[in-house]
Amino acid sequence: MLNYRYFKQALLFVMLFVSFSCRKDLGNYNYEEINAVDFGGMEKAYNALLGEKFKVSPVLKFTKDDTNDEQAYSYQWFAMKNGESLNSEIRKELATTRNLDIVVKIPSGIYDVYYIVTDKKTGVAYRTSFKLTVQTNIYEGWMVLNDVNGAARLDMVSKVNEVYTPVTDVLTSTGSELTLKGKPLDVHCYQFSFSNYGIYLSTDKGTNRVDPETFKWKNTLNIKYEMVANVPDDFHADFMASTEHPQGAGTSYMFSAGNVYYYYYVYQINYGVPINLVKEEAVPFKAAPFIARSLSSASLMPNAVLFDVDKKRFVRHINNESTCTTMPTMDNALFDYNNVGKDLVYMEYSPFNGGDVFAILKGGDGKIFLARFNLVTAIQTYYAEITGAEIGNAEKFAINPTYGYLFYNAGGKVYEYDMSLKTSKLMIDKGAEKISLLKFQKFTKAGSSRPYYESRQNQLMVCSYDAALPAERNGKMELYTVPSLNGDLTLGESYSGFGKIVSVSYRER
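Within any chain, residue numbers begin from 1 and follow the written order of that chain's sequence. Only residues with pLDDT of 70 or above have their local features reported here, since the model is predicted, and side-chain atom pairs are shown and tallied only from 80 upward, although totals for entire chains, interfaces and linings are computed over all residues. Processing note: side-chain calculations cover all non-hydrogen atoms of the structure and skip hydrogens and water entirely.

Things to note about the overall build of the chain
Helix and strand definitions here come from DSSP, where helices need a minimum of 4 consecutive H or I residues and strands a minimum of 2 consecutive E residues; each element is numbered from the N-terminal end. Scanning the chain from terminus to terminus reveals 3 helices and 35 strands. Every one of the 509 residues in the chain was classed for burial, and the buried ones make up 50%. Working note: accessible area of the chain is about 25100 Å², and carbon and sulfur atoms make up 51% of it. Exposure is judged per residue with a 1.4 Å probe applied to protein chains only, and the accessible area is read against the type maximum: over 50% gives exposed, under 20% gives buried, and values in between give partly exposed. A 1.4 Å probe and the Shrake-Rupley method give the accessible areas. Residues count as covered only by the protein chains that appear here.

Shown next, in the form of C-alpha cells:
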C-alpha cells in the first residue's frame, strides 16, 4: 500500500507545479474583442400565405464594423417545422441574401425560421429566429357539406389572418382529384393518429378523406383502405363520431346502414367486424343512427352508448372491446335500460353535468320523453315527458353543453326547452325558410386557435335554406350565443352562399 506520508508529499509537489505554471503563463495572452452582430427590425412572429410574397428586412449593427459592407458577410435563412426533429425533410432552405424576400413555397404549418449572419473574416456566425405560420385559404375553418339538387358539394368558411370567408366548391378551387358522387351525408374532421389529421367526406356512394393541407386525393384515401375486411367499392359511412386522445390520436366510431365500426390508433384497432353485437349473444342488433361517445379516450371509461333498435334497449361499448355489453341494473332506476319500450329519436353525449347522455324517446302514443344518464357511472339523472311547444313535430335537436338546454326545431321555428322548468321558449323564427341542421360544435385541439374554439362551444349553429332561391346558393350558417336564464339568443356570425347544408365540421389547428 502506498505510504500516506509520501502520497501527501507528491500531492504538494503537483500543486506547487501547477501554481508555478499558472504564474509563469499569466499575461502571455492578448484578447481582442471580435465583431458581433446586433439584430433589429424583426418581429417575434409572422404570418404568411402559401404562394404569396413574404419579406423581412433586418436592421444589422456590427460592433467592430461601421462600413456595413454586405460583401463582408454571408447570410442564410432556413425554416424548421415546429416541434419536429432536424432532418432533410423538415429543414427548408429559404434564401442566402441579407434580406428575406421570397414567394412562400413551403407547406402550410408552423415553423421556426432561423437567420444566420457569418463574418467571412473571422468565420464567427450569429443567429436569431422567429415563428412563421404559413397558411392557405384552406388552412383552418368550417367544412360545410351541401346538397345542391341532390348532388354533394364541399364548401368552406376559411380562416385567413383571423378573418373568416366562405369559399364555394373548395375541392374544385384547390384542384383536388376527388369528385363527390352521390347524395351528401357527412363531413368529419379529427386527428386519427399522432401524425395524421383526417378530413372525411361521405356520400351514399363512398367515404374518402383528402390531404388536410392541400385537399389532394388518391384512391388509397378511400375508407376501405382503413378497414380490415374487404368491403364493396361503394361502401360508405353514414356518419363518423370521434373522440380525442390527449396525445393527439383519438378513437372513432363509424356508422353504416345499422352497423357500427370502431377504430383506435393507439391500440392498432382498425375498422373491422361491426361491434353492434352484445357479448354472449349470437345475433347482431340493428343500431339506431346515433352514437353517444365520450369526448376523451384518455381512460378506460365507457367509450360510447348505442341503442338497439330491435329490442329497444341501450347498450354500451367499453374498454376497446369488439362487442358491446348490456347496461347495468340500477337501484331506483327511472327507466329500464334493457327494455325502454320506446323508439330512439335522438341521442348525444354532452359535457353538461360532468358528462351526460341525452336521449329523446318516442312512445307508441306519440309522446316524447327525455332520458338522461351519466356516461361513466350509468346513473340515471332525469326521465320525463317533454312538454315543449310543437315537440311532436320536432325535426332536428341539439344539446347545449353549458346549460343543458334542449334545442329543437319545428319547421322554421327554433325552440329552447328547459328540462328543470319544463317550459319551452321560441328563440328563432325563420318564417318560410327551412332548417337543415342544429348543432353545437365539439372542439378538441389546444392549438393557437383555442380562444376562438372556447368562445364558440356555447354557440348554437343554425343552418337554414330558402327553397325559393337557386339551390346552389340558398343556404346559410349562423352561430348564436346561448345565455343563461333562458335569455334571448345573440347572433354572432352569419355566412351565406351555400346550398342546403347537410353536415358541418371544424378543421382545427
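Observations regarding the pattern of salt bridges
Between side chains of opposite charge, a pair can form as their charged atoms come close. Each salt bridge in this description consists of a side-chain nitrogen of Lys or Arg and a carboxyl oxygen of Asp or Glu lying within 4 Å of one another. Taken as a whole and judged by the stated rule, the model has 23 salt bridges. As a salt-bridge pair, Glu281 and Lys311 come within 3.8 Å of each other at their nearest N and O atoms. Taken together, the residues Glu281 in the loop between strand E18 (259-264) and strand E19 (292-293) and Lys311 in the loop between strand E20 (304-308) and strand E21 (313-317) connect sequence positions 30 residues apart. Given the relative accessible area of 26%, Glu281 is considered partly exposed. Among the salt bridges present, the one from Lys442 reaches Glu348, with a minimum N-O distance of 3.2 Å.

A few points about a positive patch on the surface
A cluster of basic residues, Lys183, Lys396, Lys434 and Lys500, forms a positive patch at the surface. Looking at the element boundaries, Lys183 is found in the loop between helix H2 (170-173) and strand E13 (184-191). Look at Lys183 and you get partly exposed, because its relative accessible area is 47%. Like-charged residues are merged into a patch within 9 Å and nonpolar side chains (Val, Leu, Ile, Met, Phe, Trp, Tyr) within 5 Å, provided each residue has over 30% relative accessible area and no salt bridge. Asp and Glu count as negative and Lys and Arg as positive, but His and the ends of the chain are not part of the count. Where a charge lies is defined by one atom per residue type, namely NZ (Lys), CZ (Arg), CG (Asp) and CD (Glu).

Things to note about the packing of aromatic side chains
Ring geometry is summarised as follows: Phe, Tyr and Trp rings, the Trp one being its six-membered ring, pair when their centres sit within 6.5 Å, and such pairs are stacked at plane angles under 30 degrees, edge-to-face over 60 and tilted between the two. Counted according to the given criterion, the structure contains 38 aromatic pairs. Between Tyr190 and Tyr200, the aromatic rings sit 6.1 Å apart at their centres with planes inclined by 25°, giving stacked as the arrangement. One end of the pair, Tyr190, is in strand E13; the other, Tyr200, is in strand E14 (residues 197-203), and 10 residues separate them in sequence. Residue classification places Tyr190 among the buried residues on the basis of a relative accessible area of 4%. These aromatic residues form a ring-pair network of at least three members: Phe307, Phe314, Phe335, Tyr337, Phe369, Phe373 and Tyr383. Geometrically, a lysine NZ or arginine CZ counts as sitting over a ring once it is within 6 Å of the ring centre and also within 35 degrees of the ring normal. Residue placement shows Arg91 over the ring face of Phe78; its charged tip is 3.7 Å from the ring centre.

Some words on the sheet that holds strand E10 (residues 141-148)
Backbone hydrogen bonds hold the strands of a sheet together, and the pairing may be parallel or antiparallel. DSSP-based pairing: two strands are paired if at least 2 bridges between them are found. Spatially, E12-E11-E10-E35 is the arrangement adopted by the 4 strands of the open sheet, whose pairing is antiparallel. Edge positions in the sheet fall to strand E12 (163-167) and strand E35 (500-507), since each has one partner strand and no second. Averaged over neighbouring strand pairs, the angle between their axes works out to 20° when direction is ignored. Sheet topology note: the E10/strand E11 (residues 151-160) ladder contains 8 bridges and is antiparallel. Paired with Trp142 across the strands is Val157, a residue of E11. Simply put, an axis is a line fit to the C-alpha atoms, just over the touching stretch for a helix, and the angle between two N-to-C directions goes from 0 to 180 degrees.

Focus: the nonpolar core
As used in this record, nonpolar core signifies buried Ala, Val, Leu, Ile, Met, Phe, Trp, Tyr and Cys residues forming a set joined through side-chain atoms within 4.5 Å. Formed by 39 residues in total, the largest nonpolar core has its most connected members in Phe314 and Met347. Elements that contribute at least two residues to this core include exactly E20, strand E23 (343-350), strand E24 (356-362), strand E25 (368-374), strand E26 (380-385), strand E27 (397-399), strand E28 (406-410) and strand E29 (413-418). For this core, the leading source of residues is E24, giving 5 residues. Working rule for contacts: check all heavy atoms of both residues, and any pair within 4.5 Å makes them a contact. Apart from the residues lying within four places of it in its own chain, the contact partners of Phe314 are Val305, Leu306, Phe307, Met327, Phe335, Tyr337, Asn338, Val340, Met347, Ala359, Leu361 and Phe373. Ala48, Tyr73, Ala79 and Ala95 belong to the second largest nonpolar core, which has 25 residues in total.

Observations regarding the pairing of strand E15 (residues 206-210)
For E15, the buried fraction is high: 5 of the 5 residues fall into the buried class. Side chains Gly206, Asn208 and Val210 project from E15 onto one buried face, and the interleaved Thr207 and Arg209 project onto a second face that is buried too. When E14 meets E15, the two strands line up antiparallel, connected through 5 bridges. Within E15, the residue paired with Ile199 across the bridge is Val210. Between E14 and E15, which pair antiparallel one after the other, the connecting turn spans 2 residues.

These figures capture arrangement, not role.
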